[in-house]
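Overview (structure and organization)
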Amino acid sequence: MSARPHHPGHPHWRCTTCGAHWPCSPARLSLLWRWERDFDGLAMLLSQHAVAALTDAFRLGLDPQPAAYAERFLGWVLDRARKDVEKNG
């Protein structure tokens, strides 16, 4: 796990440590470590973050694409959950 936390910066939803779109790779690893195999709970948390990020983007006058936000915030969790089911049954 990273020594410095990788948190989302508001309202642009970039990592406050590395500047990448959040959740960045270190944030994803940290989230997986903290949530262990609770993919349902992690997906619920990240869906709330996705809605907040979309809301912030609209408030900033941007034209966010909801599907891209869903992939960014949830796609990787769903992929990890699928791989976990394939591996562990």
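Residues numbered from 1 in each chain as written. Predicted model: local features only at pLDDT ≥ 70, side-chain atom pairs only at ≥ 80, totals over all residues. Heavy atoms only, no water.

As for the packing of helix α1 (residues 25–35) against helix α2 (residues 39–59)
Direction vectors running N to C along α1 and α2 enclose 135°, while the axes themselves pass 9 Å from each other. Regarding the angle of α1 to α2, the classification is oblique. Considering how the two elements wind past one another, α1 and α2 form a crossing that is right-handed. From α1, L31, L32 and W35 reach across to α2, where they touch F39, G41, L42, L45 and L46. Of the residues contributing to the contact of α1 with α2, the split by class is seven nonpolar, one polar and no charged. (Axes fitted to C-alpha atoms, helices over the stretch in contact; angles between N-to-C directions. Helix = DSSP H or I, 4+ residues; strand = E, 2+ residues; numbered from the N terminus. Parallel < 35°, antiparallel > 145°, perpendicular 65-115°, else oblique. Left-handed = near helix turned anticlockwise from the far one by under 90°. Contact = heavy atoms within 4.5 Å. Nonpolar A, V, L, I, M, F, W, Y, C, P; charged D, E, K, R; others polar.)

Quick notes on the pattern of salt bridges
Summed over all chains, the structure comprises four salt bridges. As a salt-bridge pair, R82 and D79 come within 2.5 Å of each other at their nearest N and O atoms. In this pair, R82 and D79 both sit in helix α3 (residues 66–88), three residues apart, roughly one turn of the helix. Note that E86 is salt-bridged to R82, the shortest N-O span being 3.0 Å. Residue E86 and its partner R82 are both found in helix α3; the two are separated by four residues, about one turn of the helix. When its relative accessible area of 57% is taken as the criterion, E86 is described as exposed. Beyond isolated ion pairs, a larger network of salt bridges with shared partners links D79, R82, K83 and E86. (Salt bridge = Lys/Arg side-chain N within 4 Å of Asp/Glu carboxyl O. Buried < 20%, exposed > 50% of the residue type's maximum accessible area, 1.4 Å probe, protein only.)

A closer look at unusual backbone geometry
In this structure, P11 follows H10 across a cis peptide bond, with omega equal to 5°. By the element assignment, P11 lies in the loop between β1 (8–9) and β2 (14–15). Backbone torsion omega between W22 and P23 reads 5°, so that peptide bond is classified as cis. In this fold, P23 is placed in the loop between β2 and α1. Located in the positive-phi region is W13, a residue other than glycine, with phi close to 60°. Among the residues examined, W13 registers a relative accessible area of 2% and is labelled buried. Phi angles above zero are rare outside glycine, and E36 is one such case at about 50°. Position of E36 among the secondary structure elements: in the loop between α1 and α2.

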